[in-house]
Amino acid sequence: MIDSSEGSVRPKVLVIDIGSHKAEEVWLFEGKPAWTPRNLKRMLSLHGGNVFAATRQIARITRASRDFARDFDCRYVLVEPVVHRELCDFVLHSAAILIAGVSSDAPNGPVDLLLAQDSLGHSLHPQKPHLTDKTMATYNFEFTELYAYVVKAMGPPEHAGAIVLRMNAEGVEGPIISFLAQTDLHRPAIFAGSLGDIKKCFGQDAYDTALTKLSEAQIPFSYLTSHPKSWESALSEVDAALRHHVQFVQT
């Protein structure tokens, strides 16, 4: 049980967020869900236009988000190639480290990002659906090096906090999961995001393999995207994983 009374020390949490887009997911960890007009409309649609039901769920999510921010002291490393205004707002609010680029298993260096038809969905993999023939020059930060650097910066294991890896990176997740499953470094307490793009780019077998490797490595997976339909369950799952990590470390 985490003592969240006034004056107590909140457990430290490092959130590594790869594919941050407009930072809607990480706002949840700061107690301030991104209730934009689009997301309010999405919630209303989820409840078939029932304003009362939608309002109740919005209230539950907002309360859970505030409780999470009260109980955990989060710090952030964000990786995103397109710097949106909303992303900048989050960086200023949370003093996050923003890495303007992408991260995959490829070596460090310049890469061309394949642009999607919409503002979301850009990818390094040409197999990703709904891409255009347009590209954007960016920089790839090799995940193994980035992760090792960040973990080292957290300090020795006895003082380090928990890690939440939040990813929705358009198909690059598979090799990253393989690395996490076998690394001797401090592993994430939970992997939160979406693995759907693995299936879109590489098929069902690759998707199933990624889930199996996470399970074998005892890294729980939580579905968390910018769509608010995922927010309530994800908050609960991330909260439970972090509490389990804290209890494990304390014992």
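Our structure's up above, just so we're on the same page.
Remember, predicted model here, so these are calculated numbers, not experimental data.

Draft legend 1. Layout of the pattern of salt bridges. In total, this model carries 15 salt bridges according to the counting rule given. Residues R38 and E24 are paired through a salt bridge, measuring 3.1 Å at the closest nitrogen-oxygen approach. Separated by 14 residues along the polypeptide, R38 in helix α2 (residues 37-46) and E24 in helix α1 (residues 24-27) bring together distant segments of the chain. For R38, a relative accessible area of 43% gives the class partly exposed.

Draft legend 2. Highlighting the sheet that holds strand β6 (residues 131-142). Ordered in space as β4-β6-β5, the 3 strands form an open sheet in which the pairing is mixed. Where the open sheet ends on each side, the last strands, each with one partner, are β4 (102-104) and β5 (109-116). The mean inter-strand angle of the sheet, taken between neighbouring strand axes irrespective of direction, is 55°. Relative to β6, β4 runs parallel, the two sharing 3 bridges. Across the sheet, the residue bridging to V102 is N140, located in β6. Helix α5 (residues 143-153) contacts β4 and β6 of the sheet and is inclined by roughly 40° relative to β6.

Draft legend 3. Structural view of the environment of D67. Mapping D67 onto the fold places it in helix α3 (residues 51-71). Overall, the relative accessible area of 32% leaves D67 in the partly exposed class. For the pair formed by D67 and E30, sequence separation is 37 residues and the distance between their alpha carbons is 9.5 Å.

Draft legend 4. Region of the structure containing the nonpolar core. Core analysis: the biggest nonpolar cluster contains 32 residues, and F29, Y76 and L242 have the highest contact counts within it. Sorting the residues of this core by element identifies β1 (12-18), α1, α3, β2 (73-79), α4 (85-94), β7 (162-167), β8 (190-193) and α9 (231-250) as the ones contributing at least two each. Residue contributions to this core peak at 6 residues, all from α9. Setting aside chain neighbours within four positions, we find L242 in contact with V13, F68, F72, A162, V164 and A189. Listed in part, the 28 residues of the second largest apolar core include F143, M154, L180 and I219.

Draft legend 5. Region of the structure containing helix α6 (residues 173-182). All of the buried residues in α6 are E173, I176, I177, F179 and L180. Seen from one end, α6 has its buried residues packed into an arc of 160°, which puts them on one side. Lining the buried residues of α6 we find β4, α5, β7, β8, α7 (196-202) and α8 (204-216).

Rules and cut-offs
- Residues numbered from 1 in each chain as written.
- Predicted model: local features only at pLDDT ≥ 70, side-chain atom pairs only at ≥ 80, totals over all residues.
- Heavy atoms only, no water.
- Salt bridge = Lys/Arg side-chain N within 4 Å of Asp/Glu carboxyl O.
- Helix = DSSP H or I, 4+ residues; strand = E, 2+ residues; numbered from the N terminus.
- Buried < 20%, exposed > 50% of the residue type's maximum accessible area, 1.4 Å probe, protein only.
- Pairing = 2+ DSSP bridges.
- Axes fitted to C-alpha atoms, helices over the stretch in contact; angles between N-to-C directions.
- Contact = heavy atoms within 4.5 Å.
- Core = buried A, V, L, I, M, F, W, Y, C linked by side-chain atoms within 4.5 Å.
- Arc of directions from axis to C-beta.

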